[in-house]
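Here are the chains, one letter per residue:
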Amino acid sequence: MHVAVLVFPGSNCDVDCYKAVEQTMEQPVSYVWHDKDDLTAYDGIIIPGGFSYGDYLRSGSIARFAPVMSALVKAAEEGKWILGICNGFQILLEAGLLPGAMLKNENLKFQCFQSTLTVENNQTVFTSDYEHQEKITIPIAHGEGNYYCDPQTLAQLEQHNQIVFRYADHNPNGSVDHIAGICNKQGNVLGMMPHPERAIHDWLGSADGRRMFTSILKAWREHHDTVINS
Amino acid sequence: MINARVYVTIKQSVLDPQGNAVQNSLHSMGFKEVEKVRVGKFLEIKLDTVDRQEAEKRVRDMCEQLLANTVIEDYRFELEGL
């Protein structure tokens, strides 16, 4: 499995994501600069956190017009697995690959600490190594993680089981329905504010993020075997 | 030359944490008559065109595609010149 980590001017979690893929999946991983317009070589794509284009205007609003984003939309349509973390989640929202939008944290503070999440959906390619309703510890670090969508969209998210993570006991940003991460209806695009790539070793404070990466690899191997045997 | 003045604000139905913070501050300063504050963005755009109708269409497209996120924000604009 070949994984791409997209890099925009202002991305700052790209190295963490790259290392996380190396150390958890042990698969080939490449940085892909924002001006590339072809992602056909990759099976999975990670959009890392940071402050792409300085977060000017709105978080992710300028990044969504980068050349690599057309290739990303195409990859999403082809069913490739796309994981957007923090600023990556904001970019996916701005690009319309996930529904809703991000507002400033309710208390206007940059929130940076370990958060406890509930795994609401362990049926996705990103979360199958977790138990349903398992509580996991993954750090957050954001000033604009207050996920918003209108009531109709929220009902649709619920109906199609698209809410993947919720904040378990303390909602750090005021997000609708305590949402921390959602996926698209097809389940191949996931966006989340917490940083699983910062939770891959016990000495980092938690190793609970590892299983996101191992879930993806497991799904890829299962998919690959099916293709070979069919 | 046409100048566009674009205003982008958080929708009335959406919580505006910045607006609330400013409102609370004004209240604590004694401006008790303040009922509501909404914080938004103001953009001035100079357009190299003389066609007002075309300018209106183009600025609307700019707002829809980039300047506002219509999931959470409203926009309005004025054109000046010619």
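Residues numbered from 1 in each chain as written. Chains lettered and ligands numbered in written order. Predicted model: local features only at pLDDT ≥ 70, side-chain atom pairs only at ≥ 80, totals over all residues.

Attention shifts here to the overall build of chain B. Per the secondary structure count, chain B includes 2 helices and 3 strands. Counting helices and strands in the order they occur from the N terminus, chain B gives β-α-β-α-β. Compactness check: chain B gives a C-alpha radius of gyration of 16 Å against a globular reference of 12 Å for 82 residues, more than 25% above the reference. Principal-axis analysis of the C-alpha atoms gives chain B an extent of 50 × 25 × 15 Å. Here chain B holds 82 residues, and the buried ones make up 15% of them. Here the contacts in chain B between residues at least 6 apart in sequence split such that 69% fall between residues at least 24 apart. (Helix = DSSP H or I, 4+ residues; strand = E, 2+ residues; numbered from the N terminus. Rg over C-alpha atoms; globule rule 2.2 N^0.38 Å. Buried ≥ 20, exposed ≤ 12 C-beta atoms within 10 Å, placed from the backbone. Contact = placed C-beta atoms within 7 Å.)

Moving on: the sheet that holds strand S3 (residues 73-80) of chain B. Residue and element names in this part refer to chain B. One open sheet holds the 3 strands; their spatial order is S2-S1-S3, and the pairing between them is antiparallel. The open sheet terminates on both sides in strands that have one partner only, identified here as strand S2 (40-47) and S3. Here the average twist between neighbouring strands, direction ignored, is 20 degrees. Taken together, the 8 bridges between strand S1 (residues 2-10) and S2 define a ladder with antiparallel strand orientation. Looking at the pairing, Tyr7 lines up with Phe42 of S2. (Pairing = 2+ DSSP bridges. Axes fitted to C-alpha atoms, helices over the stretch in contact; angles between N-to-C directions.)

Residue and element names in this part refer to chain A. An ideal rise of 1.5 Å per residue puts 16 Å on 12 residues; helix H1 (residues 14-25) measures up with 16 Å between its terminal C-alpha atoms. All buried positions along H1 are accounted for by Asp14, Cys17, Tyr18, Ala20, Val21 and Thr24. Seen along its axis, H1 keeps its buried residues to an arc of 160 degrees; they face one direction. Looking one or two residues beyond H1, the residue adopting positive phi is Glu26, at roughly 55 degrees. (Expected span 1.5 Å × (residues − 1). Arc of directions from axis to C-beta.)

Counting residues at the interface gives 11 residues for chain A and 8 residues for chain B. By residue class, the composition of the side of chain A that touches chain B is 4 nonpolar, 3 polar and 4 charged. (Nonpolar A, V, L, I, M, F, W, Y, C, P; charged D, E, K, R; others polar.)

Hydrogen bonds along the backbone pair up the strands of a sheet, which may run parallel or antiparallel. Residues and elements named next belong to chain A. In spatial order, the strands read S2-S1-S3-S4-S11-S10-S9-S6-S7; together these 9 strands make up an open sheet with mixed pairing. Every other strand in the sheet has two partners, leaving strand S2 (29-33) and strand S7 (135-142) as the edge strands with one partner each. Shown here is a sheet whose adjacent strand axes are inclined to one another by a mean of 25 degrees, direction ignored. Of the pairings in the sheet, the one linking strand S1 (residues 3-7) to strand S3 (residues 44-47) comprises 3 bridges and is parallel in character. The residue bridging Ala4 from the neighbouring strand is Ile45, located in S3.

Residue and element names in this part refer to chain A. One non-glycine residue, Leu108, lies in positive phi territory at about 65 degrees. Structurally, the position occupied by Leu108 is in the loop between strand S5 (101-103) and strand S6 (111-119). The backbone of Asp177 shows a phi angle near 55 degrees, a positive value even though the residue is not glycine. With respect to the element layout, Asp177 can be found in the loop between strand S9 (163-167) and strand S10 (179-183). Since 13 C-beta atoms lie within 10 Å of it, Asp177 is described here as partly exposed.

Before going further, it helps to examine the confidence of the model for chain B. Scored by pLDDT, chain B has a mean of 95; 99% of the residues are at 70 or more. Note on the complex model: pTM 0.94, ipTM 0.86. (pLDDT = per-residue confidence, 0-100.)

All names here are of chain A. By the criterion of burial, S10 is predominantly enclosed, with 5 of the 5 residues buried. In this structure, S9 lies alongside S10, joined through 3 bridges in antiparallel fashion. Bridge pairing links Arg166 to Ile179 in S10. Bridge analysis of S10 against strand S11 (residues 189-192) gives 3 bridges, and the strand direction is antiparallel. When the bridges of S11 are listed, Gly181 appears paired with Met192. In this structure, the hairpin formed by S10 and S11 is closed by a connection of 5 residues, where Gly187 is found at a positive phi of approximately 85 degrees.

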